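Residue strings, one per chain:
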Amino acid sequence: MQSPSAKAWCRMRHVLKYIAVFLLSLYLRIVRGQGRREVRNDLNDCRILISAMIGLGNSVLALPMVAALKKSFPLARIDILTKDQSCRAIFAASGLADQIHVLAGSGKEKWHTLRRLRAQGYDLGVLTFPTLALPQEVLPFFLKIKGVAAHDYSILHPYFGRLKKHFAYCQPVRAKIHDIEQNKLLLSPWVAPAEGIDFYPDINLPEDADAKANAFLAERGIQAAEKIVGFHPGSRQGAVRKRWPFEYYLALADRLCGEAGTRAFFFLGPDEIELQQQMADRRFLVVQSDNLFEVMALLRKCSLFISNDSGIMHTASLCGIPLLTIWGGTDEHRNAARGHSITNVLPEGFICRPCIDWVPRYPCPYLPKPCVHSIDVSRVFKIALPLVAVQSAPIQ
């Protein structure tokens, strides 16, 4: 529960945001003379900036939208702005963008990046779903983008009602559709639904990434015929309603190794630092790398990948491997991975889930043991065992 002072500060932040947007709206109308700007129907020969200042998983879910835009307007210049090198790698591997910009580093480096973007004279800016932070929502106006397509976040932010008046297109948020469809709806004025793309584009990894993955396996004495099960027991730090207990993952890995003869790889990143320390005395292999291409090359070697709802789960869905995903408070109808073989394991008997949209809707009455803890190891093992048994050899 928030303290009274925290609640007061939260309300004050909303008031300050509303004032900032009100002043920005006045500036755009009076100084720039800018109201709602239309964008022509034919985007060929246009400069388009896709602002994907979102996490790794959301970047993956934006790929079909970018692919649909590229398919419909092959002559358009499509640039992407993202927030870190991992997200950049996702878009780079898809080959859909003409140029990818990363807004990271020191304040000076960010300023130089923004000035370069401002000089491009973009005709259309697209804010991928969900773009919830105010600085990201007003960024297109600083960059002087002629027209902007975004979702209508008025249901979350009262100030957004003033901001959306200056967008070329504002798509209502639909509560019960997948985030891939949410993104594709941003293109409604320019791309017909029948021309949309429902699948992920082909992902091309550098040759050295696969070579490094093979070397990783060889150094640890893993033969090509062995079946590898990948595990990702984490998610964004603090997202306790999404995390199946780590000790459950360890128990599941023990059973699969003992009864199915698999090898267990635990994929751990910066959000799982506390889990890395607990793996020191375990016999399972740990994959840690800042290079997403190398991580994806190792994911392709897995016969099955078991994960919480997380960015690496969506990354694994690009690798052509079967996924078994374990769900807690988030909505599998909105955020589930897409791929040729996806199995979702859900808590049973909890009418209060899903309880997380973009943020938790209400305090969880079951904490410190949210609904995801109710999924026992035996249940997941029974689901995973046949998935491992029927899979062919890993990708070489």
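Our structure is the block above this text.
Note that the structure is a prediction, hence the values are computed from the model and not measured. (Residues numbered from 1 in each chain as written. Predicted model: local features only at pLDDT ≥ 70, side-chain atom pairs only at ≥ 80, totals over all residues. Heavy atoms only, no water.)

Participant: Is there a simple way to explain the nonpolar core in this structure?
Facilitator: Among soluble globular proteins, nonpolar side chains are generally buried collectively. With 68 residues, the main nonpolar core has Leu43, Ile48, Ile50, Trp190, Phe265, Phe267 and Leu299 as its most contacted residues. It is helix α2 (residues 56–72) that contributes the most residues to this core, nine residues altogether. The contacts of Ile50, once residues within four sequence positions are left out, are Met65, Val66, Leu69, Ile78, Asp79, Ile80, Leu81, Val126 and Thr128. Of all hydrophobic cores here, the second largest spans 29 residues; its members include Leu252, Leu256, Phe266 and Leu268. (Core = buried A, V, L, I, M, F, W, Y, C linked by side-chain atoms within 4.5 Å. Buried < 20%, exposed > 50% of the residue type's maximum accessible area, 1.4 Å probe, protein only. Helix = DSSP H or I, 4+ residues; strand = E, 2+ residues; numbered from the N terminus. Contact = heavy atoms within 4.5 Å.)

Participant: Please explain the pairing of strand β4 (residues 124–127) as it appears in this structure.
Facilitator: For a regular strand, side-chain orientation follows a simple rule: the groups alternate between the two sheet faces. Of the two faces of β4, the one carrying Leu124 and Val126 and the one carrying Gly125 and Leu127 are both buried. Strand direction decides the pairing type here: strand β1 (residues 47–52) and β4, joined by four bridges, are parallel. Residue pairing across strands places Ile48 opposite Leu124, the latter belonging to β4. By the bridge criterion, three bridges tie β4 to strand β5 (residues 147–152) in an arrangement that is parallel. In the strand pairing of β5, Leu124 is matched with Gly147. A crossover links β4 with its parallel partner β5, the connecting element being helix α5 (residues 134–142), and its sense is right-handed. (Pairing = 2+ DSSP bridges. Right-handed = clockwise from strand over helix to strand, strands pointing away.)

Participant: What am I meant to see in the sheet that holds strand β12 (residues 342–345) here?
Facilitator: Within the open sheet, the six strands sit side by side as β9-β8-β7-β10-β11-β12. Their pairing is parallel. The outermost strands of the open sheet, each flanked by one partner alone, are β9 (285–287) and β12. Averaged over all pairs of adjacent strands, the angle between their axes in this sheet comes to 20 degrees, without regard to strand direction. Sheet analysis places strand β7 (residues 228–232) next to strand β10 (residues 304–308), joined by four bridges and oriented parallel. Looking at β10, one finds that Val229 is bridged to Leu304. Packed on one face of the sheet, helix α11 (residues 292–299) meets β8 (263–267), β9 and β10 and runs near 155 degrees to β8. (Axes fitted to C-alpha atoms, helices over the stretch in contact; angles between N-to-C directions.)

Participant: Honestly, the pattern of salt bridges in this entry has me stumped. Any pointers?
Facilitator: For side chains of opposite charge, pairing can occur when their charged atoms come near one another. Tallied over the full model, the rule gives 18 salt bridges. A salt bridge links Arg243 to Glu272, with the shortest nitrogen-to-oxygen separation between them at 4.0 Å. Residue Arg243 is found in the loop between β7 and α9 (246–260), and its partner Glu272 is found in the loop between β8 and α10 (273–278); the two are separated by 29 residues along the sequence. The burial state of Arg243 is the same as that of Glu272; both residues are buried. Connected through shared salt-bridge partners, Asp208, Lys212 and Glu294 make up one network. (Salt bridge = Lys/Arg side-chain N within 4 Å of Asp/Glu carboxyl O.)

Participant: Which parts of the structure should I look at to understand the packing of helix α8 (residues 207–219) against α11?
Facilitator: Two packed helices can be described by the angle between their axes and the distance between those axes. It is the contact of α8 with α11, at a shortest axis distance of 8 Å, that shows an interaxial angle of 60 degrees. With respect to their mutual orientation, α8 and α11 come out oblique. As α8 runs across α11, the sense of the crossing is right-handed. Contact with α8, carried on its side by Ala209, Asp210, Lys212, Ala213, Phe216 and Leu217, involves Phe293, Glu294, Ala297 and Leu298 of α11 and no other residues of that element. (Parallel < 35°, antiparallel > 145°, perpendicular 65-115°, else oblique. Left-handed = near helix turned anticlockwise from the far one by under 90°.)

Participant: In this structure, what is going on with a nonpolar patch on the surface? I would like to understand it.
Facilitator: A cluster of nonpolar side chains, contributed by Met12, Val15, Leu16, Ile19 and Leu23, occupies part of the molecular surface with about 450 Å² of accessible area. Structurally, Met12 can be placed in helix α1 (residues 4–31). Exposure remark for Met12: the relative accessible area of 42% places this residue in the partly exposed category. (Patch = residues over 30% accessible without salt bridge, like charges linked within 9 Å, V, L, I, M, F, W, Y side chains within 5 Å. Areas by Shrake-Rupley, 256 points an atom, 1.4 Å probe, with all protein chains shown as cover.)

Participant: So what exactly am I meant to see when it comes to the packing of aromatic side chains here?
Facilitator: Geometry of an aromatic ring pair is reported as the spacing of the ring centres plus the angle between the planes. Summed over all chains, the structure comprises 13 aromatic pairs. Geometrically, the ring pair formed by Tyr169 and Trp190 is edge-to-face, given 6.4 Å between the ring centres and 80 degrees between the ring planes. Placement of Tyr169 in strand β6 (residues 169–172) and of Trp190 in the loop between α7 (179–185) and α8 is noted, with a sequence separation of 21 residues between them. For the pair Tyr169 and Trp190, one class covers both residues: buried. (Phe/Tyr/Trp six-rings, centres within 6.5 Å; stacked < 30°, edge-to-face > 60°.)

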